[in-house]
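One letter stands for each residue in the lines below.
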Amino acid sequence: MHRPDTSVIRHDWQTDEAAGLLGQPFNDLLFAAQSAHRANFDANRIQVSTLLSIKTGGCPEDCGYCSQSAKHEAELERERLLPLEEVVAAARTARDNGATRFCMGAAWRNPTDKNLEQVTAMVEAVSALGMETCVTLGMLTLTQAQRLRDAGLSYYNHNLDTSPEFYGRVITTRTYRDRLETLEHVRTVGLKTCSGGILGMGESRRDRASMLCQLANLPAHPESVPINLLVQVEGTPLFGTDALDPFEFVRTVAAARVMMPRSYVRLSAGRSEMTDELQALCFLSGANSIFYGERLLTTPNAESDHDRRLFERLGLEAEAAEPEGREAPGACHKTITATADAGAHADV
Ligand code: SAM
Ligand code: DTB
Ligand code: SF4
């Protein structure tokens, strides 16, 4: 049985070792994950983020899972960059509903410098509401990363998506190296990294192990690791892929928790297709962040009322906003109460 040394942060994971971890008896793996989770976090507290698509569709990339690629036949209403006021209104609603982080996604291969100025205005306005900010805009240059940092951005999301070995089956218009380079720019300027992947695209367990090694062996673990279950969208090349065994999903969440013990592991896209019991197993395996709100980017998310009820049934609480200057993830948790008029409180 793999007993994690919860005091050591490792960056030397080998695929064989990670595959061994993923293949442990389920109960042993979950025990290891829970040990790592409890050593670093309050196991009953979940970070809550809300997502908004600020620019939808018409993307030149060919990511095989994505509804927003202009190369696919998915039915989608394209939208230009949303006006600032609309973004701020959505962020305010998200905050009043208990989200502490507002994540904005754009269907770009990379932002132009003009795009970036428009997004920095959004980052500044959302930060002024007292929320953490995250944006995902595609590839970034070092200078663009600096610009976002100077605007006060908290996190940049850029997923590795899958293993280097499986990657070419999913995306051909940009390389794995390109992705690692963007992550390097983000780290170098001191932004927090949000990076993870998608499961259920037809990859093998070894691919999942290899992807987790890529994430854990980065010079610093991403502070946030979204684990998405493929949302199958009609018209995309990956539509119709065989469904992943739900226990494999849980195993991957658990292994992510063991390998990156101080990172927030987000049970990301795909929750609307999951049973409550499966989500509970993910929380038990160390997932401690979710997207909350009616939509992800272009697809529906789990229903908010349902999520509130699920939190109640499981005795989970939403994490309060991170105080300024906090360094180590998991170091500070404030008790928040359920209220109808949210404001400074979270009602999830
Ligand atoms: N266009 C930018 C990029 O790809 O870097 C940012 C937005 S993109 C939609 C952000 C991430 O969402 C992708 O890297 C992928 O991991 C995830 N994603 C997109 N479509 C998805 C789907 N159908 N199911 C699960 N995750 C998805
Ligand atoms: C991430 O890892 N998942 C989010 C966010 N980062 C940008 C996106 C999920 C998208 C799901 C499909 C859609 O709604 O289009
Ligand atoms: Fe474009 Fe991002 Fe979708 Fe890929 S994942 S097609 S880059 S919006």
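From a predicted model like this one, the values you see are computed outputs, not experimental measurements.

Visitor: Where do I start with helix H2 (residues 26-40) in this structure?
Guide: Three or four residues apart is the spacing at which side chains of an α-helix point the same way, because the helix has 3.6 residues per turn. The end-to-end C-alpha distance of H2, which contains 15 residues, comes to 21 Å, matching closely the 21 Å that a straight helix rising 1.5 Å per residue would cover. Residues of H2 that are buried: Phe26, Leu29, Leu30, Ala32, Ala33, Ala36, His37 and Asn40. For H2, the buried positions fall inside an angular range of 160° around the axis, keeping them on one side. Facing away from the buried side of H2 by more than 90 degrees, the exposed set consists of Asn27 and Arg38. On its buried face, H2 is in contact with helix H1 (15-22), helix H9 (246-259) and helix H10 (276-284).

Visitor: I tried to follow the packing of aromatic side chains on my own but got confused; where do I start?
Guide: We describe a pair of aromatic rings using the distance from one ring centre to the other and the angle between the two ring planes. With the rule as written, the count across this model stands at 4 aromatic pairs. Aromatic side chains Phe26 and Phe247 sit 5.4 Å apart centroid to centroid with 65° between the ring planes, which places their arrangement in the edge-to-face category. You can see Phe26 sitting in helix H2 and its partner Phe247 sitting in helix H9, a full 221 residues away along the chain. Between Phe41 and Tyr264, the ring centres sit 5.0 Å apart and the planes meet at 70°, which makes this aromatic pair edge-to-face. Placement of Phe41 in the loop between H2 and strand S1 (45-55) and of Tyr264 in strand S8 (residues 264-267) is noted, with a sequence separation of 223 residues between them. The class for Tyr264 is buried, based on a relative accessible area of 3%. Here the guanidinium or amino end of Arg10 rests over the ring plane of Trp13, the centre of that ring lying 4.0 Å away. One Lys or Arg, Arg101, reaches over the ring of Tyr155 and ends 3.9 Å from the middle of that ring.

Visitor: What's the story with the site of ligand 2 in this structure? I'm lost.
Guide: Close to ligand 2 lie 14 residues, the nearest being Asn159, Asn228, Leu297, Thr298 and Thr299. A distance of 2.8 Å separates an oxygen atom of ligand 2 from a polar atom in the side chain of Asn228. One of the backbone N or O atoms of Leu297 is found 3.0 Å from an oxygen atom in ligand 2. Contact with the protein chains covers 87% of the free accessible surface of ligand 2, which is 400 Å². Residues of the shell around ligand 2, tallied by class, amount to 6 nonpolar, 8 polar and no charged.

Visitor: Can you walk me through the environment of Cys103 in this structure?
Guide: With respect to the element layout, Cys103 can be found in strand S2 (residues 101-106). Sequence separation between Cys103 and Pro83 is 20 residues, and the spatial gap between their C-alpha atoms is 16 Å. Excluding residues that lie within four positions of it along the chain, Cys103 makes contacts with Ser49, Thr50, Leu51, Leu52, Cys134 and Phe291.

The rules behind the values
- Residues numbered from 1 in each chain as written.
- Chains lettered and ligands numbered in written order.
- Predicted model: local features only at pLDDT ≥ 70, side-chain atom pairs only at ≥ 80, totals over all residues.
- Heavy atoms only, no water.
- Helix = DSSP H or I, 4+ residues; strand = E, 2+ residues; numbered from the N terminus.
- Expected span 1.5 Å × (residues − 1).
- Buried < 20%, exposed > 50% of the residue type's maximum accessible area, 1.4 Å probe, protein only.
- Arc of directions from axis to C-beta.
- Contact = heavy atoms within 4.5 Å.
- Phe/Tyr/Trp six-rings, centres within 6.5 Å; stacked < 30°, edge-to-face > 60°.
- Lys NZ or Arg CZ within 6 Å of the ring centre and 35° of its normal.
- Near = heavy atom within 4 Å.
- Polar contact = N/O pair within 3.5 Å; in protein donor to acceptor, adjacent residues only side chain to side chain.
- Areas by Shrake-Rupley, 256 points an atom, 1.4 Å probe, with all protein chains shown as cover.
- Nonpolar A, V, L, I, M, F, W, Y, C, P; charged D, E, K, R; others polar.

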